[in-house]
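# Reading the structure
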Amino acid sequence: MVPHTMSQTVVLGVIGSDAHVVGITILEQAFSAAGFDVINLGVQTSQEEFAEAAVDHDAEAVLVSSLYGHAEQDCQGFHEVLETAEVDAVTYIGGNLAVGQDEFEQTRRTFRELGFDRVFDSETDPEDAIEALRQDLQITPTESERATISS
């Protein structure tokens, strides 16, 4: 039995048949440096693998990366899979989520409807995602949250 530490665990992976590894490598380094325990599932991760890892590691967050434009198909039913596995984690998705990125707000809406807590485009700085996660997991006080919104 491993003693429970205060660090928060995040499960990270590239969903579906996407094989882009650069993004998650950067995220893994950034989240690790920020003090999170990162479980990097690598590329071509299935919905079930995300769910299993989240359960096995009692993850606070599941970060899904997708860079090849088919995330919407890959994420259909994802939150049902998590629910069935009784995963209670914050879920983020980021990357090039739609082919022909016309209108990111539309893309964001689509993924919010699929159940994601936050949706990031491919230009997002990992620090922004880390800051968002700290807010969502209530690791930072709310005053810093107010300061961020105005920037």
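The protein chain goes by Glutamate mutase sigma subunit in an unreviewed UniProt entry, where it is assigned to Natronorubrum tibetense GA33. According to UniProt, the comment filed for the protein chain under the heading Cofactor (unreviewed entry) is "adenosylcob(III)alamin". Turning to the protein chain, the UniProt annotation filed under Catalytic activity (unreviewed entry) states: "(2S,3S)-3-methyl-L-aspartate = L-glutamate".

Bringing the pattern of salt bridges into the picture now. Applying the stated criterion across every chain yields a total of two salt bridges. Here Glu-105 and Arg-108 are joined by a salt bridge, their closest N and O atoms 2.7 Å apart. Here Glu-105 and its partner Arg-108 are both found in helix α5 (residues 104–113), three residues apart, which amounts to about one turn of the helix. When its relative accessible area of 39% is taken as the criterion, Glu-105 is described as partly exposed. According to the relative accessible area criterion, Arg-108 is partly exposed, its value standing at 29%. Close ionic contact of Asp-136 with Arg-118 constitutes a salt bridge, the shortest N to O distance being 2.7 Å. Taken together, the residues Asp-136 in helix α6 (residues 126–136) and Arg-118 in strand β5 (residues 118–121) connect sequence positions 18 residues apart.

Okay, a nonpolar patch on the surface next. Residues Val-21, Val-22 and Ile-26 make up a contiguous nonpolar surface patch of about 260 Å² in total accessible area. With respect to the element layout, Ile-26 can be found in helix α1 (residues 22–33).

Let us look at the confidence of the model for the protein chain. Regions with low pLDDT carry predicted coordinates that are not meant to be interpreted in detail. Here the protein chain averages 89 in pLDDT, and 86% of its residues register 70 or above. Taken as a whole, residues 142–146 scores under 50 in pLDDT and shows two contacts with residues more than four places along the chain or in a different chain.

To continue, consider the sheet that holds strand β4 (residues 90–95). Taken in spatial order, the five strands make up an open sheet running β2-β1-β3-β4-β5, and their pairing is parallel. The sheet is open, and its two edges are formed by β2 (37–40) and β5, each paired on a single side. The sheet shows a mean angle of 20° between the axes of neighbouring strands, direction not considered. Direction of pairing for β4 relative to β5: parallel, over a ladder of four bridges. For Ile-93, the partnering residue across the bridge sits in β5 and is Val-119.

Here the focus is the environment of Glu-72. Structurally, Glu-72 can be placed in helix α3 (residues 71–75). Considering only alpha carbons, one finds Glu-72 and Leu-97, 25 residues apart in sequence, at a separation of 7.2 Å. Each residue touching Glu-72, except ones within four places of it in the same chain, is listed here: Leu-97, Thr-110, Phe-111 and Leu-114.

Bringing the nonpolar core into the picture now. Residues Val-64, Cys-75, Phe-78, Ile-93, Phe-111 and Phe-116 are the most contacted members of the largest nonpolar core, which totals 23 residues. Broken down by secondary-structure element, the contributors of at least two residues to this core are α2 (47–56), β3 (61–66), α3, α4 (78–84) and α5. Broken down by element, this core gets its largest block of residues, four residues, from α2. Ignoring sequence-local partners within four residues, the contact set of Cys-75 consists of Ile-15, Gln-47, Ile-93, Phe-111, Leu-114 and Phe-116. Core analysis: the next-biggest nonpolar cluster, separate from the first, contains 18 residues, Val-14, Phe-36, Ala-129 and Leu-137 among them.

Turning next to α5. Count 3.6 residues to each turn of an α-helix, and residues three or four apart come out pointing the same way. Taken residue by residue, α5 has Phe-104, Thr-107, Thr-110 and Phe-111 as its buried positions. For α5, the angular spread of the buried residues around the axis is 115°, confining them to a single face. Each element contacted by the buried residues of α5 is listed here: α3, β4 and β5. Positive phi shows up at Gly-115, right after α5, with a value of about 115°.

Scoring rules and cut-offs
Position labels on residues start from 1 in each chain and follow its written sequence. Only residues with pLDDT of at least 70 are given local features in this predicted model, and only at 80 or more are side-chain atom pairs given and counted; all residues enter the totals for whole chains, interfaces and linings. Hydrogens and waters are ignored; side-chain quantities use all the structure's heavy atoms. UniProt positions are given in the numbering used here, feature names are shortened, and annotations may be inferred rather than shown by experiment. The salt bridge criterion pairs a side-chain nitrogen of Lys or Arg with a carboxyl oxygen of Asp or Glu, the two atoms within 4 Å. Here a strand is any run of E in DSSP of at least two residues, a helix any run of H or I of at least four, and the numbering for each starts at the N terminus. The buried label goes to any residue with under 20% of its type's maximum accessible area, the exposed label to any with over 50%, and the partly exposed label to all in between, with areas taken from a 1.4 Å probe on protein chains only. What goes into a patch is any residue over 30% in relative accessible area without a salt bridge, connected to like charges within 9 Å or, for nonpolar side chains (Val, Leu, Ile, Met, Phe, Trp, Tyr), within 5 Å. We get accessible surface area from the Shrake-Rupley algorithm with a probe of 1.4 Å; when it comes to residues, only the shown protein chains can shield them. For every residue, the predictor states its confidence as a pLDDT score lying anywhere from 0 to 100. Any two residues having at least one pair of non-hydrogen atoms within 4.5 Å are treated as being in contact. By definition, two strands form a pair when at least two bridges between them are found by DSSP. To get an axis, fit a line to the C-alpha atoms, keeping to the stretch in contact for a helix; angles then go from 0 to 180 degrees between the N-to-C directions. Nine residue types can take part in a nonpolar core, namely buried Ala, Val, Leu, Ile, Met, Phe, Trp, Tyr and Cys, and a core is a set of them joined through side-chain atoms within 4.5 Å. Taken from the helix axis, the directions to the C-beta atoms give the arc we talk about.

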